[in-house]
Amino acid sequence: MPIAKGDNPVNINNRRVINGKDADVIQLYPMKHTFAWDAYTVGNANHWLPTEIGMQKDIEQWRSKDILTEDERKAFETVLGFFTTADSIAANNVALGFYKHITSPECRMYILRQAYEEAIHTHAYQYIVESLAMDESKIFNMYRQVDAIYNKDNFVLSFNEGIFDDNFKTGTFENDQKFLENIVIFSLIMEGIFFYSSFAVMFGFQRQGKLTGAAEQIQYIMRDESQHLNFGINLINTIKEEQPELWTPEFQEKMIGHIKRAVGLEYTFATTVFPRGIFGMNADGFKQYIEHIADRRLEAVGLPVQYGVENPFPWMSEAIDLSKEKNFFETRVTEYKTGGALEW
Ligand code: FE
């Protein structure tokens, strides 16, 4: 689209997450969606790279015959099998779906940052697989071989259909609802439910002093992902304010239905990860955790909670809280910044 010439300032009130008038996606100021700029700033301050984390202890533990049981190895591999392709799926949706159709330049700034973070996460899994000398083709191909991963991925990927078509455009009631549904699927379900239960498995290992390098990688990833989730929640709530007509009772029921379906898929995944249970974690404990998380995601966008259960893994909220605590990440993040400053 050619640039409309003029000295009249851009009207901030015409700026929208989708369907922005003035259609100026390149003029950052005046900024309206400040949550996106805040997320961008936090993302930069949290910058990290997988190769900064030592994996020596994990390598020794993975090689040893006495540290990990067969069930623990299988759980670790299955969760990694999910993760290795999950961030690529997230990256594709962000880069090819969000970036194309979101018309707020400040939101687009964060989307660029988020897309890079998804690449860092895929790099982290690659680094874990390589460090432990695991069978790459087995782990990276699990999404096509393990039904529980395949079904989760297929579920979310089905919501790329339409959105990724060259002819898809927002601006009609039907297409705007379809795009909003895509954000619900990718932010609330993929990043907000499917990722969190796999994070919990990794922290289960960490709590036993096992594979702590991998768990540290996951802690950094979770810190990034909690920002991705917050950003997605902000996108949904802002679209609801800007285009309230989209949030019909039927649409709300449909979103609740998707979240319930995701809870079912995640429970099946948990039964694959722990057919017999490890570290006091088993599929039934997980079911309750998934339901607890699903309720939090529903609440965040103003939908009614469906399960009303307690958090069976209170230490998970500690792991999440840790990521907000200064001293946990302070050392490495400070070192990183200093290194960057010295080089330049
Ligand atoms: Fe993400």
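Residues numbered from 1 in each chain as written. Predicted model: local features only at pLDDT ≥ 70, side-chain atom pairs only at ≥ 80, totals over all residues. Heavy atoms only, no water.

With that settled, consider the coordination of the iron ion. Surrounding the iron ion are the protein donor atoms E118 (OE), E118 (OE), E191 (OE), E225 (OE), E225 (OE) and H228 (ND1), which sit 1.8 to 2.8 Å from the metal. Linear spacing of the donor residues for the iron ion on their chain is E-x72-E-x33-E-x2-H. A residue pair is termed long-range when its members are at least 10 positions apart, and E118 in helix α4 (residues 105-131) and E191 in helix α8 (residues 173-207) qualify at 73 residues. Exposure remark for E118: the relative accessible area of 0% places this residue in the buried category. (Donors = N, O, S within 2.8 Å, 3.2 Å for Na, K, Ca; no water. Helix = DSSP H or I, 4+ residues; strand = E, 2+ residues; numbered from the N terminus. Buried < 20%, exposed > 50% of the residue type's maximum accessible area, 1.4 Å probe, protein only.)

So, on to the pattern of salt bridges. Taken as a whole and judged by the stated rule, the model has 10 salt bridges. A salt bridge links E242 to K32, with the shortest nitrogen-to-oxygen separation between them at 3.4 Å. One end of the pair, E242, is in helix α9 (residues 212-242); the other, K32, is in the segment before α1 (34-45), and 210 residues separate them in sequence. For the salt bridge of K152 with E266, the shortest nitrogen-to-oxygen distance reads 2.8 Å. Taken together, the residues K152 in helix α7 (residues 147-157) and E266 in helix α10 (residues 249-273) connect sequence positions 114 residues apart. When sorted by exposure, K152 lands in the same class as E266, which is buried. (Salt bridge = Lys/Arg side-chain N within 4 Å of Asp/Glu carboxyl O.)

A word on unusual backbone geometry. At the junction of Y29 and P30, the peptide bond is cis and its omega measures out at 0 degrees in the coordinates. Following the sequence through the fold, P30 ends up in the segment before α1. For N19, which is not glycine, the phi torsion reads 60 degrees and is therefore positive. Structurally, N19 can be placed in the segment before α1. A positive phi angle, near 50 degrees, is found at A133, a position not held by glycine. Among the structural elements, A133 can be located in the loop between α4 and α5 (136-140).

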